[in-house]
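A closer look at the structure
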Amino acid sequence: LQTLLIPKGSEDFNLHRLSGPRLTAQEVADAVEAMPMMAANTLVTVTDWDIFKLEEAQRSQLIELLEDIPEYCTLLFIYDTVAYKRDGKMKKLPAAIDKNVEVVEFQGQSRDALVRWLQKRFRALDHQIDLTTADYMLFYCGTMMDNLISEVSKVAAYAKAQQITAADIDAVAEPVLDARIFDMTNAVTARNYDRAAGVLAELLRMQMEPIAILAALGKELRRLYTARLALDGGKDRVWLKELWSMSSDYPAKLLLQAARNVDHDWCRQAVKRCQVLDRRMKSERNMDSEGELKLLLMELAGGR
């Protein structure tokens, strides 16, 4: 779209990049209404802005904007790390989207396709990777192919043997947030508080927002809770995999292994603690969010 709409050299005037979550409808409107300069069009990209969590006044302003986009402007909402999930309770905003917006979903590759692709790329670099290790790499590095390309190159350059191992991946690959959070919760359930605190400290050093860390931690604890329920109810990893729409058995196996170290009450209390802290972070001013996260981790480890 940028190539089609924005002449080279005019990006500073005609390409406007915005991102959430603190974005306001007025900021989007200002960018949309900015007239093009030395070109016929403008392009406004808005990344990871959850429009269904806006306050009513913000939603109303956004609806008005969608109803009256200038002909010279193309407004593009991009959902990358934030999921595009419509709220079925709302009426006006979904109606405005249906009327004025073209929704296009770019589906990720299936697990089998990604494994074959990983094996092909490693073969091109004179290495081999088996199914189990490929599953581990997808868990550890995520399933975004553009990111995996660089990770494959790093691992292949590091590996001494032709066969790639999990140790090779651990040594040089960059783990995604979900893998880091699993490592942290797994350390808690294994009573290794030092390891869990180390992972949290690393995430904070990377300047990751505490609320984002808490959201990922809460999701992982909910998954762990369902894994404990699966064990108690005689369910297997297939049930867990389907419940969480996992692309492979590998994360389901890891969850079930971790769930064996905790009981039902610990899981329930852990999820409740996350919910309470989430509400506090979103409502209290001047909170020491980093300190509260560390305290939560200590409480989880103590409860274990």
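Predicted model, so just to flag it, every value in this text is computed and none were measured.

What counts, and where the lines are drawn
- Residues numbered from 1 in each chain as written.
- Predicted model: local features only at pLDDT ≥ 70, side-chain atom pairs only at ≥ 80, totals over all residues.
- Heavy atoms only, no water.
- Pairing = 2+ DSSP bridges.
- Helix = DSSP H or I, 4+ residues; strand = E, 2+ residues; numbered from the N terminus.
- Right-handed = clockwise from strand over helix to strand, strands pointing away.
- Buried < 20%, exposed > 50% of the residue type's maximum accessible area, 1.4 Å probe, protein only.
- Contact = heavy atoms within 4.5 Å.
- Polar contact = N/O pair within 3.5 Å; in protein donor to acceptor, adjacent residues only side chain to side chain.
- Core = buried A, V, L, I, M, F, W, Y, C linked by side-chain atoms within 4.5 Å.
- Phe/Tyr/Trp six-rings, centres within 6.5 Å; stacked < 30°, edge-to-face > 60°.
- Lys NZ or Arg CZ within 6 Å of the ring centre and 35° of its normal.
- Patch = residues over 30% accessible without salt bridge, like charges linked within 9 Å, V, L, I, M, F, W, Y side chains within 5 Å.
- Areas by Shrake-Rupley, 256 points an atom, 1.4 Å probe, with all protein chains shown as cover.
- Salt bridge = Lys/Arg side-chain N within 4 Å of Asp/Glu carboxyl O.
- 1 Å grid on protein atoms, 1.4 Å probe; cavity = no way out; pocket = protein on both sides within 12 Å on 5 of 7 lines; lining within 4 Å.
- Points joined across faces, edges and corners; volume = space filled by probe spheres on them.
- Nonpolar A, V, L, I, M, F, W, Y, C, P; charged D, E, K, R; others polar.

1. Re the pairing of strand 1 (residues 15-19)
Pairing of strand 1 with strand 2 (residues 42-47), which is carried by five bridges, proceeds in the parallel orientation. When the sheet's bridge partners are listed, His-16 is paired in strand 2 with Val-44. For the crossover that starts at strand 1, traverses helix 3 (residues 25-33) and ends in the parallel strand 2, the hand is right-handed.

2. Things to note about helix 7 (residues 131-141)
Taking burial as the measure, the 11 residues of helix 7 include nine buried ones, the bulk of the element. Buried within helix 7 we find Thr-133, Ala-134, Asp-135, Tyr-136, Met-137, Leu-138, Phe-139, Tyr-140 and Cys-141. For helix 7, the elements touching its buried residues are helix 6 (111-124), helix 8 (145-158), helix 9 (166-172), helix 10 (177-189) and helix 14 (250-259). By the N-cap criterion, in which a side-chain oxygen at the helix start approaches the backbone nitrogen of a residue two or three places on, helix 7 is capped by Asp-130, the distance to Thr-132 being 3.3 Å. One or two steps after helix 7, the chain reaches Gly-142, where phi turns positive at roughly 85°.

3. Some thoughts on the nonpolar core
Counting residues in hydrophobic clusters, the biggest one holds 63 residues, and the most contacted among them are Phe-122, Met-137, Ile-169, Met-184, Leu-221, Leu-224 and Trp-266. If you tally residues by element for this core, the top one is helix 12 (residues 210-232), at nine residues. Beyond its immediate sequence surroundings of up to four residues, Leu-221 is in contact with Thr-185, Trp-266, Ala-270, Val-271, Cys-274 and Leu-300. The next biggest cluster of nonpolar side chains, apart from the first, holds 23 residues, and it includes Leu-54, Ile-63, Leu-65 and Leu-75.

4. Digging into the packing of aromatic side chains
Applying the stated rule across the entire model yields seven aromatic pairs. Where Tyr-79 meets Tyr-84, the ring centres are 5.2 Å apart and the plane angle is 55°; that geometry is what we call tilted. On the basis of relative accessibility, which here comes to 23%, the residue Tyr-79 falls in the partly exposed class. Joined through ring pairs, the aromatic side chains of Tyr-136, Phe-139, Tyr-140, Phe-182 and Tyr-250 make up one cluster. Residue placement shows Lys-160 over the ring face of Tyr-158; its charged tip is 4.6 Å from the ring centre.

5. Concerning a nonpolar patch on the surface
Together, Phe-13, Met-37 and Met-38 make up a nonpolar patch on the protein surface, roughly 320 Å² of accessible area in all. By secondary structure assignment, the location of Phe-13 is in helix 2 (residues 11-14). The exposure class assigned to Phe-13 is partly exposed, which follows from its relative accessible area of 36%.

6. Re empty space enclosed by the protein
Per the counting criterion, the structure on display carries one cavity of 30 Å³ or more. The computed volume of the largest cavity comes to approximately 30 Å³. Surrounding the largest cavity, Phe-182, Thr-185, Asn-186, Thr-189, Glu-220, Leu-224, Leu-255 and Ala-258 form its lining. At the level of secondary structure, the elements contributing two or more residues to the lining of the largest cavity comprise helix 10, helix 12 and helix 14. If you tally residues by element for the lining of the largest cavity, the top one is helix 10, at four residues. Counted by class, the lining of the largest cavity contains four nonpolar, three polar and one charged residues.

7. Topic: the pattern of salt bridges
Applying the stated rule across the entire model yields 17 salt bridges. Its salt-bridge partner being Glu-67, residue Lys-99 comes within 3.4 Å of it at the nearest N-O pair. A residue pair is termed long-range when its members are at least 10 positions apart, and Lys-99 in helix 5 (residues 92-100) and Glu-67 in helix 4 (residues 56-67) qualify at 32 residues. What you see here is one network of salt bridges that share partners, running through Arg-111, Asp-112 and Asp-135.

8. As for the layout of surface pockets
Empty space within the second largest pocket amounts to approximately 210 Å³. Taken together, 14 residues make up the lining of the second largest pocket; nearest its centre are Tyr-136, Tyr-140, Ala-179, Asp-183 and Arg-195. The element contributing the most residues to the lining of the second largest pocket is helix 10, with four residues.

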